[in-house]
Amino acid sequence: MLIFLVVNAALFSALYYVAIILCRGVRWDIKLIYAFVWMYGVIVIVTIVLGAVGVLYDLVLIGGAFLCVGFLVLITYLNTGGHPLIAHILPQRERRRCSDIDLSALWTTIFVGLAVLVLIFASFRAAVLPSSAFDAIMYHLPMAAFMRSNHSLARVGIPLIDGYPKYAEVFFNWIWAFFGDDRWVDLGQLPFVVLAMVSVFSICRTFGVGDRTALVAASIFPFTPKIIQQMTTNETDIIQSSLILAAVAILFGKSSRRCKQITFGLTLGLLSGVRFSGVVQAAVLWLSYSTFLSVIRKRRAVMITSSLVVLLTAILVGGYTYVKNAWVFGNPFYPFHMRLLGVMELPGNFSKDMMVVFNTVDDLPYIYKILRSWGDISNGEGWVLGGGGAMWVFLLVCVPLSLRFAIKMRERRLLIMFGAGLLLFFVTPANWTIRYVLFLVGFGSVGLGYVIWHLSKQKWYRYTLLVAALACIFQTVLISDPISQLYIMFSKNQDALAYRCDPCHSTIKPSGFRGAFRWIDENVKDSQTVLVCYGFGPFYATYCFWNRHIRNRVAFTQPTSWEEISSAAHKEDADYVFFVEGTAGLGAVPKPSEHLVEVYVEGRVHILRVS
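These figures come from a predicted structure and were not determined experimentally. (Residues numbered from 1 in each chain as written. Predicted model: local features only at pLDDT ≥ 70, side-chain atom pairs only at ≥ 80, totals over all residues. Heavy atoms only, no water.)

Chemist: Sorry if this is basic, but what is going on with the overall build of the protein chain here?
Modeler: Helix and strand counts for the protein chain come out as 25 helices and 9 strands. The 611 residues of the protein chain split such that 58% are buried. The contacts in the protein chain between residues at least 6 apart in sequence include a share of 73% that link residues at least 24 apart. As displayed, the protein chain offers around 26000 Å² of accessible surface, 65% of which is attributable to carbon and sulfur atoms. (Helix = DSSP H or I, 4+ residues; strand = E, 2+ residues; numbered from the N terminus. Buried < 20%, exposed > 50% of the residue type's maximum accessible area, 1.4 Å probe, protein only. Contact = heavy atoms within 4.5 Å. Areas by Shrake-Rupley, 256 points an atom, 1.4 Å probe, with all protein chains shown as cover.)

Chemist: Would you mind going over the packing of aromatic side chains with me for this structure?
Modeler: Aromatic rings in a pair are described by how distant their centres are and how their planes are angled relative to each other. By the definition in use, this model includes 33 aromatic pairs. Their ring planes at 65° and their centres at 5.6 Å tell us that Tyr 139 and Tyr 164 sit as a pair that is edge-to-face. Pair noted here: Tyr 139 is in helix 5 (residues 134-150) and Tyr 164 is in the loop between helix 6 (159-163) and helix 7 (167-179), with a separation of 25 residues, a long-range link. Note on accessibility: Tyr 139 and Tyr 164 belong to one class, buried. Taking 5.8 Å as the distance between ring centres and 85° as the angle between the ring planes, the aromatic pair formed by Phe 276 and Phe 336 counts as edge-to-face. Of the two residues, Phe 276 sits in the loop between helix 12 (257-272) and helix 13 (277-296) while Phe 336 sits in the loop between helix 15 (320-329) and strand 1 (338-340), which places them 60 residues apart along the sequence. (Phe/Tyr/Trp six-rings, centres within 6.5 Å; stacked < 30°, edge-to-face > 60°.)

Chemist: How do you make sense of the pattern of salt bridges when you look at a structure like this?
Modeler: As a working rule, side chains carrying opposite charge can pair if their charged atoms are close by. Following the criterion strictly, the structure yields 8 salt bridges and no others. We note a salt bridge from Asp 237 to Arg 275, for which the minimum N-O separation is 2.5 Å. Of this pair, Asp 237 sits in helix 11 (residues 237-252) while Arg 275 sits in the loop between helix 12 and helix 13, and the two are 38 residues apart along the sequence. The residues Asp 237 and Arg 275 share a single accessibility class, namely buried. Linking Glu 572 and Arg 553 is a salt bridge whose minimum nitrogen-to-oxygen distance equals 2.6 Å. (Salt bridge = Lys/Arg side-chain N within 4 Å of Asp/Glu carboxyl O.)

Chemist: How should I be thinking about the side chain of Gln 189 in this particular structure?
Modeler: Secondary-structure assignment places Gln 189 in the loop between helix 7 and helix 8 (190-206). At a separation of 2.9 Å, a polar atom in the side chain of Gln 189 contacts the main-chain carbonyl oxygen of Gln 230. Side-chain polar atoms of Gln 189 contact the backbone oxygen of Thr 233, separated by 3.1 Å. Not counting residues up to four positions away in its chain, the partners in contact with Gln 189 are Gln 230, Met 231, Thr 233, Glu 235, Thr 236, Asp 237, Ile 238 and Ile 239. (Polar contact = N/O pair within 3.5 Å; in protein donor to acceptor, adjacent residues only side chain to side chain.)

Chemist: Honestly, the pairing of strand 7 (residues 576-580) in this entry has me stumped. Any pointers?
Modeler: Moving residue by residue along a regular strand, the side chains alternate between the two faces of the sheet. Among the 5 residues in strand 7, 5 count as buried, and that is most of the element. Residues Tyr 576, Phe 578 and Val 580 of strand 7 are buried on one face, and the alternating residues Val 577 and Phe 579, pointing to the opposite face, are buried as well.

Chemist: Would you take a moment to explain the environment of Thr 313 for this structure?
Modeler: Tracing the chain through its elements places Thr 313 in helix 14 (residues 300-318). Setting aside residues no more than four positions away along its own chain, Thr 313 makes contact with Ile 262, Gly 265 and Leu 266.

Chemist: Quick question: what am I supposed to make of the confidence of the model for the protein chain here?
Modeler: The predicted coordinates of low-pLDDT regions are not to be read in fine detail. For the protein chain, per-residue confidence averages 80 on the pLDDT scale, and 79% of positions sit at 70 or higher. Predicted confidence is poor over residues 353-360, with pLDDT under 50, and the contacts of this stretch with residues over four places away or in other chains come to 9 contacts. Long-range and interchain partners of residues 496-510, a stretch whose pLDDT sits below 50, account for 53 contacts in this model, where long-range means more than four residues apart. (pLDDT = per-residue confidence, 0-100.)

Chemist: Sorry, what's going on with the nonpolar core here?
Modeler: Side chains that are nonpolar tend, in soluble globular proteins, to be buried together. One finds Tyr 40, Met 417 and Phe 578 to be the most contacted residues of the largest nonpolar core, which totals 179 residues. Sort the elements by how many residues they give to this core and helix 2 (residues 28-53) lands first, with 15 residues. In contact with Tyr 40, other than residues within four places in its own chain, are Tyr 167, Ala 168, Phe 171, Phe 192, Ile 239, Leu 243, Leu 270 and Val 274. Membership of the second largest hydrophobic core comes to 12 residues, among which are Trp 562, Ile 565, Phe 579 and Leu 608. (Core = buried A, V, L, I, M, F, W, Y, C linked by side-chain atoms within 4.5 Å.)

Chemist: What's the story with the environment of Arg 155 in this structure? I'm lost.
Modeler: Among the structural elements, Arg 155 can be located in the loop between helix 5 and helix 6. Setting aside anything within four residues of it in sequence, one finds Arg 155 in contact with Asp 162, Val 328 and Phe 329.

Chemist: Which parts of the structure should I look at to understand the environment of Val 451?
Modeler: The topology assignment puts Val 451 in helix 20 (residues 439-454). On the basis of relative accessibility, which here comes to 0%, the residue Val 451 falls in the buried class. As a C-alpha pair, Val 451 and Val 399 span 52 residues in sequence and 8.3 Å in three-dimensional space. Dropping the residues within four chain positions of it, Val 451 is found in contact with Cys 398, Leu 401, Ser 402, Phe 405 and Leu 465.

Chemist: Would you mind going over the pairing of strand 6 (residues 553-557) with me for this structure?
Modeler: With respect to burial, strand 6 is a largely interior element, 4 of its 5 residues being buried. As judged from the 5 bridges shared by strand 5 (residues 529-533) and strand 6, these two strands associate in the parallel manner. Of the residues in strand 6, the one forming a bridge with Thr 529 is Arg 553. (Pairing = 2+ DSSP bridges.)

Chemist: Please explain the sheet that holds strand 5 as it appears in this structure.
Modeler: For sheets, the rule is that strands pair by backbone hydrogen bonds, running either parallel or antiparallel. As summarised here, the arrangement of the 5 strands in space is 6-5-7-9-8, forming an open sheet in which the pairing is mixed. The open sheet terminates on both sides in strands that have one partner only, identified here as strand 6 and strand 8 (596-602). Within this sheet the neighbouring strands show an average axis-to-axis angle of 25°, counted without direction. In this sheet, strand 7 lies alongside strand 5 in parallel orientation, the contact comprising 3 bridges. Counterpart to Leu 531 in the pairing with strand 7 is Val 577. (Axes fitted to C-alpha atoms, helices over the stretch in contact; angles between N-to-C directions.)

Chemist: Which parts of the structure should I look at to understand helix 3 (residues 58-79)?
Modeler: Given 3.6 residues to a turn, an α-helix orients residues that are three or four positions apart in the same direction. In a regular helix each residue adds 1.5 Å, so 22 residues correspond to 32 Å; helix 3 covers 32 Å between its end C-alpha atoms and thus fits that length. Of the residues making up helix 3, those classed as buried are Leu 61, Ile 62, Gly 64, Ala 65, Val 69 and Thr 76. Taken end-on, helix 3 shows its buried residues confined to a sector of 165°, consistent with a single buried face. The exposed residues of helix 3 that point more than 90 degrees off its buried face are Leu 59, Leu 67, Phe 71 and Leu 78. Where helix 3 is buried, its residues touch helix 1 (2-22), helix 2 and helix 7. (Expected span 1.5 Å × (residues − 1). Arc of directions from axis to C-beta.)

Okay, structure coming up:
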């Protein structure tokens, strides 16, 4: 843990130094966002390059990141003529756009303190509980595990894993590299919660909101049931939404033109590499950038060249997955089967009809879809999941009020931001599920801060909003019920918790499989291969077929006979075969032979050693 903190702090500090030099006169919050995006970009680019050539080893990855950051620091230092750092970090006074009175320190302390507490609670929960998110166990964590076991980005034969963008999983692998096991990897999204909070603060400050009010607005962001749940899951929803908020903060923040272009394009590229829907969202943000330059800055000549620089940077950073999929599978969005303009067929394994979320939501009344998004409270894995909760009030109340103030003050940038947010909502696939559009929580937080700031002279209205925000926070805590979560998870998963320091990778392992997974943990060596016959279902908890260090190799096959298993074991140079009796046309285990020897049986689950 200490090494992880020291290394990441060193990299971030170095990039913050670069931001200080390149972005003189820019607020500290903008510099923090720049440094974070640059660091994430370095991790992604170095991983993609090393994975493409097959040398994705932990020490090589960390060394490559240090080499890239060191090069950036050296170039920046030389270009400044070796000027002392202190000359660039002297505080600069900023003129207030509004003469309104900021909030008292007491209110700010209350909201910031609550936000810090929820972040601490999330860290504690991640430290003591195994990763339990269904999508994480099914394919997000296996993507990172395949990177580690193969030391490359090689194809593995599972369509969803081979074709899916992996930039979020790259960050999970980065955390893995420091620990050797998965004990802290479920904190992969927590830094992006902080990024979103800093972005909300930065957007508020850009629109003239005072520091303390902006801090209150930023502190509201984590108090959404779905965000509290996702802080400690290896999914991609918070990462995606935080990059959107960071892009908005970069778009409206003051900075040098070239630095803003490159960083904004880098953010859009990273957004495109998190999920397929990120391409559409990046396109909307790119159009917002062009609109900002054309309408607000009135630089139509500059708009063309700047937009091209942003677009080229985004394509270079985010285009890897789509170019690879088009070259290998004939479909940039593989494994999804798509039809372009009703004519061109792009082959894939999945269609819209296979997405459960569409089947359950498409037939609902229009207004109920929106209400369902924000009130999505269900039970899963033994604890409460939630939608937007009470935070949707800020979207319905504060955003319209913000627009009223923006029109009165001729703040066209705010109109562009909320217009882009509305467009992002409607172009996002499956947007009736709140986890896909968590960036709306950030826009609602900005609206809250903007309204509180402009109501400073009407204290009763302002205090009413603050009290309502506190009520929403406590309502969110009651819905999420963190104490109950811990009690339920401890009581229902004592076996998992007792095995936490050894690899119990999942708390949702299918009944009857846990002993087999534990056997793999304890007996499969780092250099060995497990051949998984996954005809028994949608590759049940594929993440669990690795040993404790995630260093053994896993191969998959869909056999219909024992001859095919033997052939696949020989082809993959497998040491063990894992299969479930009665699926994929496979019956009972044949009589022991010199090639396949049964070493573990638990019900219908069998593990055979290949000799």
